[in-house]
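# A structural walkthrough
Listed here are the chains, written in short residue letters.
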Amino acid sequence: MPVADAPADNWVDRLAPGWLRPYMRLSRADRPIGTWLLLLPCWWGLELAIIYDDQISLDDLWVFAGCAIGAFLMRGAGCTWNDITDRKIDASVRRTASRPIPSGQISVRLAFAWLVIQAVAAFAILMTFNNAAILLGMISLVPVCVYPFAKRFTWWPQVFLGIAFNWGALLAWTAHRGQLEAPAIILYLAGIAWTLFYDTIYAHQDTEDDALIGVKSTARLFGSSSPIWLTGFLVASVSLMLLAVSLATEGLEQPIAICGAVAFLIHLLRQLRCFDMNDNRVLLRLFRSNRNAGLLVSACFAVAIVI
């Protein structure tokens, strides 16, 4: 049974073997936007680190690819963990009631086994990086494990999502440089502000159901004031990104990298202009468009590397 908010023509429903589909849906493979949002900060961190020391090697190509594979696996593992912990809540929300666990497609025991398989595969990739990056990767499990519970005790669960989803900016920088430095930390904070922007938009889809079952979110907290808060998150994200770029770049690379932040700004401003908290189709479209916003940054950073 397809998941309600998955794209109608997604590859899982069209191409995956029948027995595998529930597991792929549990990993959100039918909705790749989450993988992109987890991956893009990794690429930002790696690319900015390469610009910073003006050195690139074959190892960096593996970090680039390893981050992509790892993002797919860890996003799947994180979503599986989220659905295990939220199975009762998901059953009470119209948009999520068709997910594999609440709809009865997969048992909790099989879901946990699937979680372990994905996590072990991601750990194997992590072990190919340097020791500092491995340590950061292991620490990242803390926010990943905590996030599903955040909406039960805070109005700001999106902060916990941002901490987890942008960790790759720290890890990939460290995988290249061997140590954590100020530009990576500032870029990480920019990513957290970005997550607050896009996930507040996303959370507005469920405000009515969330209110009925007592689940907290920034969308419920801000209500009709959301455009003001979204503007603040936009400004914070772009400002922090510009600061990270200014610390990590010089010469011709700097204006090109800055172009990435400017393109990012323009994209978020367009999202803000189209924001309609009462139209779920618009909300989902805006949320998904953040893949392109992040790719604009990555593309400009890539150009700066080759200049």
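To be clear, the structure that these remarks concern was listed above.
Cut-offs applied
- Residues numbered from 1 in each chain as written.
- Predicted model: local features only at pLDDT ≥ 70, side-chain atom pairs only at ≥ 80, totals over all residues.
- Heavy atoms only, no water.
- Core = buried A, V, L, I, M, F, W, Y, C linked by side-chain atoms within 4.5 Å.
- Buried < 20%, exposed > 50% of the residue type's maximum accessible area, 1.4 Å probe, protein only.
- Helix = DSSP H or I, 4+ residues; strand = E, 2+ residues; numbered from the N terminus.
- Contact = heavy atoms within 4.5 Å.
- Axes fitted to C-alpha atoms, helices over the stretch in contact; angles between N-to-C directions.
- Parallel < 35°, antiparallel > 145°, perpendicular 65-115°, else oblique.
- Nonpolar A, V, L, I, M, F, W, Y, C, P; charged D, E, K, R; others polar.
- Expected span 1.5 Å × (residues − 1).
- Polar contact = N/O pair within 3.5 Å; in protein donor to acceptor, adjacent residues only side chain to side chain.
- Patch = residues over 30% accessible without salt bridge, like charges linked within 9 Å, V, L, I, M, F, W, Y side chains within 5 Å.
- Areas by Shrake-Rupley, 256 points an atom, 1.4 Å probe, with all protein chains shown as cover.
- Salt bridge = Lys/Arg side-chain N within 4 Å of Asp/Glu carboxyl O.

### A look at the nonpolar core
Among the nonpolar cores identified, the biggest contains 70 residues, and Trp 44, Leu 48 and Phe 264 are the most heavily contacted of them. In terms of residue count, helix H3 (residues 33-53) provides more of this core than any other element does, 13 residues in total. Excluding residues within four positions of it along the chain, Leu 48 makes contact with Trp 173, Leu 187, Ala 244, Val 245, Ala 248, Thr 249 and Phe 301. Counting 14 residues, the second-largest nonpolar core is a separate cluster that includes Met 24, Ala 77, Ile 101 and Leu 115.

### Looking at the packing of H3 against helix H14 (residues 226-248)
The interhelical angle for the contact between H3 and H14, taken along N-to-C directions, is 30°, at an axis separation of 9 Å. Here H3 lies roughly parallel to H14, going by the angle between them. Contacts between H3 and H14 pair Trp 44, Leu 48, Ile 51 and Tyr 52 from the former with Met 241, Ala 244, Val 245, Leu 247 and Ala 248 from the latter. Classifying every residue of the contact of H3 with H14 gives nine nonpolar, no polar and no charged.

### Overview of H3
A rise of 1.5 Å per residue sets the reference length of H3, with its 21 residues, at 30 Å; its end C-alpha atoms lie 31 Å apart and thus fit the reference within 8%. Of all 21 residues in H3, 19 are buried; the element is thus mostly enclosed.

### A short note on the side chain of Thr 249
Following the sequence through the fold, Thr 249 ends up in the loop between H14 and helix H15 (253-274). Within the structure, the side chain of Thr 249 is placed 2.6 Å from the backbone oxygen of Val 245, a separation counted as a polar contact.

### Topic: a nonpolar patch on the surface
The grouping of Leu 242, Ile 258, Val 262 and Ile 266 at the surface amounts to a nonpolar patch, some 280 Å² of accessible area in total. Broken down by element, the residue count for the nonpolar patch peaks at three residues, all from H15. Among the secondary structure elements, Val 262 is positioned in helix H15.

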